[in-house]
Each structure stands twice: as structure tokens, then as C-alpha cells.
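Per-entry structural report
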Amino acid sequence: TNGFAVMPAGFRFFHDGYTLSAYEYVPMFVTTDSLYHSWHLAFDKVLRDTAQQRLLPILERFLTGAVDAARAQERDLAGTALADDAHRATAYYEAAAVLLGLDVGEVNDLTTAEVELARAAAGIQTSPVSGVVECEWPESFVGCVDFRLMRPRGHYTRTPELTRFFLGMSMLGQEGFPLDKGLGVAPGLLMARVLVDD
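Thresholds, definitions, all that
- Residues numbered from 1 in each chain as written.
- Predicted model: local features only at pLDDT ≥ 70, side-chain atom pairs only at ≥ 80, totals over all residues.
- Heavy atoms only, no water.
- Helix = DSSP H or I, 4+ residues; strand = E, 2+ residues; numbered from the N terminus.
- Disulfide = S-S within 2.5 Å.
- Buried < 20%, exposed > 50% of the residue type's maximum accessible area, 1.4 Å probe, protein only.
- Patch = residues over 30% accessible without salt bridge, like charges linked within 9 Å, V, L, I, M, F, W, Y side chains within 5 Å.
- Areas by Shrake-Rupley, 256 points an atom, 1.4 Å probe, with all protein chains shown as cover.
- Salt bridge = Lys/Arg side-chain N within 4 Å of Asp/Glu carboxyl O.
- Polar contact = N/O pair within 3.5 Å; in protein donor to acceptor, adjacent residues only side chain to side chain.
- Contact = heavy atoms within 4.5 Å.

1. Considering unusual backbone geometry
- With an omega dihedral of 10 degrees, the bond running from Trp-137 to Pro-138 counts as a cis peptide bond.
- Position of Pro-138 among the secondary structure elements: in the loop between β1 (124-126) and β2 (144-146).
- Although it is not a glycine, Ala-121 sits at a positive phi angle of roughly 50 degrees.
- Mapped onto the elements of the fold, Ala-121 is located in the loop between α4 (109-120) and β1.

Shown next as C-alpha cells:
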């Protein structure tokens, strides 16, 4: 009706169709979506390889050291007014390490609860680790974590290593210590202190 036809060609990649058409002198209609898709595939591979081969080992070393440092900090602050805040800072790093698949030994109670919510992708809830203020979603997101965002997706589901990387990074990236009423300041600073001291 419109002077052209579209039919499946069975090509695995866009460029295969263009290459064959050029060799067989078949007219081609070049679309930007095919070029963008090819660029996306190449970029996606770079991201996957970088995460799995380069960033994952760095993250494993980082979290192993951070867990040890946070635990030492918690021991140093035991019995002080900062003991609970240090406990939360330790749980933050422990949860990320456990989700990354590291064996960091026995973990604290907040860590266990946080990991369960993350693995279940349990929706928007108060975080056991950073929830110093009760989550009152949808009125306010203060004290909340959207655990649905911790469900691996996209190319992070391709290998166990990429899935581990996604989970560990999601924990580090989704948690926040709210400044509301000043309650999140101390655990946030103690979490940051672990980084500064390393």
C-alpha cells in the first residue's frame, strides 16, 4: 500500500543486515535507531566489563577494609553517647559487604534486617540502618529507602559477579542519613569518618 514492505531477516545484530545489503546491492534505509542501538550495545559492554573486571575487585577490597575500620570504631566508641550511631555506621558497611557476597563473619542485628529487606526488594520502608527517623511515605521520604531499587536489573543480571556488584553498590547508593532533626548527622559522620581515616 505504501510502497515498501518490512519482513524479519533473522539477523542477530543491526549491522549484519546493512553489511549483507551493501554486498548484494540492495537499497538500504539507514535509521538513527540502528546506529544508536549499536552504540548502546558497545557502551553497555564497556560498562559490564569495567564493573566486573575492574570495579568489583576494588569494591571488595574497599568494603573489607571499611567493615574492619567501622567495627574498630564501634569498639572505640562503646559505652559513649555515640555507641548507637557507631553501630549504625558498622551496619551500613556490613550490609553492603554481605550483599556483595563477602564473608565478613558475624554481623549485627541491623545488618541482618537491612539485608533481608534489600534481598526481598521490599518496597519503600524505614531502613533498619539509616532510619533514624520513621518513614512516613507518601507524605515524606525522610527516613525511607526504596528497597525495590535494590532488585538487580538490566545487564547486572547477566553474571553472578555483576549481580553482586549491583547489590553492594545499591546498598551504598540508596542509604542516606537524614539531617531531619539532626538525628542522622552523627551516624553519617561516623560512616564518613571510616572513609576519611582510610
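2. Notes on the state of the cysteines
- For the structure shown, the criterion picks out one disulfide.
- Across the disulfide, Cys-135 is cross-linked to Cys-144 (sulfur-sulfur distance 2.0 Å). Between Cys-135 and Cys-144, the S-S torsion sits near 95 degrees, and that sign places the bridge as right-handed. Accessibility assignment for this pair places Cys-135 and Cys-144 in one class, buried.

3. Topic: a nonpolar patch on the surface
- On the surface, a cluster of nonpolar side chains totalling about 290 Å² of accessible area is made up of Met-28, Val-30 and Leu-35.
- By secondary structure assignment, the location of Val-30 is in the loop between α1 (14-23) and α2 (32-77).

4. Side note on the side chain of Arg-71
- In this structure, Arg-71 sits in helix α2.
- The exposure class of Arg-71 is buried, given its relative accessible area of 19%.
- Among the polar contacts made by the side chain of Arg-71, one reaches the main-chain carbonyl oxygen of Val-104 at a distance of 2.8 Å.
- With near-sequence residues (within four places) excluded, Arg-71 lies in contact with Thr-90, Glu-94, Val-104, Glu-106 and Val-107.

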